[in-house]
Amino acid sequence: MDFTIEFTSGGNHGHQLKDALGGLTIGRLFDLNYVHTPYEYLDFFGIGYNYQVVKKEERQAKYKQIKRVSGPLWCGIDDYDEMYDYFKEKLLNVEENTLIILDNALRIHPFQTIPWHQEGRLKYDVCSAIQQELSANFIALHSIELNTPKTPIEVVVHINRGMDYDREIYPQHFTSPYAVRFMFPMEYYENIMVHIEKVYGIGNVNFKIYTEELNSEDITEHFNNRANTKVLLGTNREKKNYDLVHSIYKAFVEADILVCSNSSFSVMCSYFRKGRKTIYHPHLQLRYLEEPFYIGTDDEGAFDIQLLEEALTVY
């Protein structure tokens, strides 16, 4: 049975990548065959790379029926039985030659399948397979060469700011590190950087910090004079500078080590870095990732440096 994804819930690149990967995960869980609906906004990320393309205007001629299954299901579902019960009537009792369309942020996040695989509920490791596919496709699509770790080691840090950094409008962004878009203080990122320098030595690591210009004052004040550290201010997201967005995401993928914030934009990049060092804070929409390649921090930015001491690998 074929399925496709339509992006109708809005949001920027990170948000819509969650919709894409959430839909791909649902398809994998129910053995559906993905066909790609052209969508220029996400072409750079290779979501439809090497898949059959079926345009919207071609659907009626190709399929006997079209069935739309809609969200939102922003946070997915953590419990396997609950997930299966939610989708079985929607996806399993479908006539032959039907195209299933998943839309409006209908998601099961790839990471949510990890414990299900560990419990023996799945035929294979769905999350790992998605990471493998996305990583390989992105590298091939953009002719990226990942040979050996750079000298000095290149660490890319993403600090989420922009218009989300507003305590009055978004108090939830400042309440709990488990929350999506939580705004960590500078001490959190400083602690991560110090831990990395403990492993490789001061002077053997270059840090590049990416953030939006809006509400970046505390970032520049803290890090502008830090040795071996460069703060790169991007234009604010509402300006929709897609070339800049793409170049930053490519830098995330190419880095020897990526440090994510609780932001969809950098969190989603963890799925494009199969088997490569990525440091993140386990939270509502990213957990359980495989050590030692993915390293979770505590709320203060501390983590097990032994996981980082294992050799850096390339894809």
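*Asks:* Lay out the nonpolar core in plain terms, naming residues and giving numbers.
*Replies:* Counting residues in each nonpolar core, the largest one holds 61 residues, and the members touching the most others are Ile 47 and Tyr 249. Elements with a contribution of two residues or more to this core: β1 (2–5), α1 (13–29), α3 (80–91), β4 (98–103), α4 (113–118), α5 (126–141), α8 (242–254) and α9 (264–267). Discounting chain neighbours no more than four positions away, the residues touching Ile 47 are Leu 17, Ala 20, Leu 21, Leu 24, Tyr 34, His 36, Leu 42 and Leu 134. Counting 27 residues, the second-largest nonpolar core is a separate cluster that includes Val 155, Tyr 188, Met 193 and Tyr 200.

*Asks:* Which residues make up unusual backbone geometry, and what are the values?
*Replies:* Along the chain, Thr 151 connects to Pro 152 via a cis peptide bond; the corresponding omega equals -5 degrees. In this fold, Pro 152 is placed in the loop between α5 and β5 (153–158). Here the amide bond leading from Glu 291 into Pro 292 is cis, since omega sits at 5 degrees, within 30 degrees of zero. Turning to its location among the elements, Pro 292 is positioned in the loop between β9 (278–280) and β10 (294–296). A positive phi angle is found at Ser 143, which is not glycine, with a value near 50 degrees. With respect to the secondary-structure elements, Ser 143 resides in the loop between α5 and β5. On the accessibility criterion, Ser 143 (62% relative accessible area) is exposed. The backbone of Asn 215 shows a phi angle near 65 degrees, a positive value even though the residue is not glycine. Relative to the helices and strands, Asn 215 is located in the loop between β6 (205–212) and α7 (217–223).

*Asks:* Before we move on, can you summarise the side chain of Gln 131 with the specific residues and values?
*Replies:* On the secondary structure map, Gln 131 appears in helix α5. In terms of polar contacts, Gln 131 uses its side chain to reach the side chain of Tyr 294, at 3.3 Å. Not counting residues within four places of it along the chain, the set of residues in contact with Gln 131 comprises Ser 270, Tyr 271, Lys 274, Leu 289 and Tyr 294.

*Asks:* Please set out the sheet that holds β4 residue by residue, giving values where relevant.
*Replies:* Across the sheet, which stays open at both edges, the four strands sit in the order β2-β1-β4-β3 with parallel pairing between neighbours. Across the chains shown, the open sheet's two edge strands, defined by having one partner strand only, are β2 (33–34) and β3 (65–70). Relative to β4, β3 runs parallel, the two sharing six bridges. In the sheet register, Val 69 faces β4, and the bridge partner there is Leu 102. With respect to the sheet, α1 is in contact with β1, β2 and β4, its orientation differing from that of β1 by roughly 165 degrees. Set on the sheet, α3 makes contact with β3 and β4; between it and β3 the angle comes to about 160 degrees.

About the cut-offs
- Residues numbered from 1 in each chain as written.
- Predicted model: local features only at pLDDT ≥ 70, side-chain atom pairs only at ≥ 80, totals over all residues.
- Heavy atoms only, no water.
- Core = buried A, V, L, I, M, F, W, Y, C linked by side-chain atoms within 4.5 Å.
- Buried < 20%, exposed > 50% of the residue type's maximum accessible area, 1.4 Å probe, protein only.
- Helix = DSSP H or I, 4+ residues; strand = E, 2+ residues; numbered from the N terminus.
- Contact = heavy atoms within 4.5 Å.
- Polar contact = N/O pair within 3.5 Å; in protein donor to acceptor, adjacent residues only side chain to side chain.
- Pairing = 2+ DSSP bridges.
- Axes fitted to C-alpha atoms, helices over the stretch in contact; angles between N-to-C directions.

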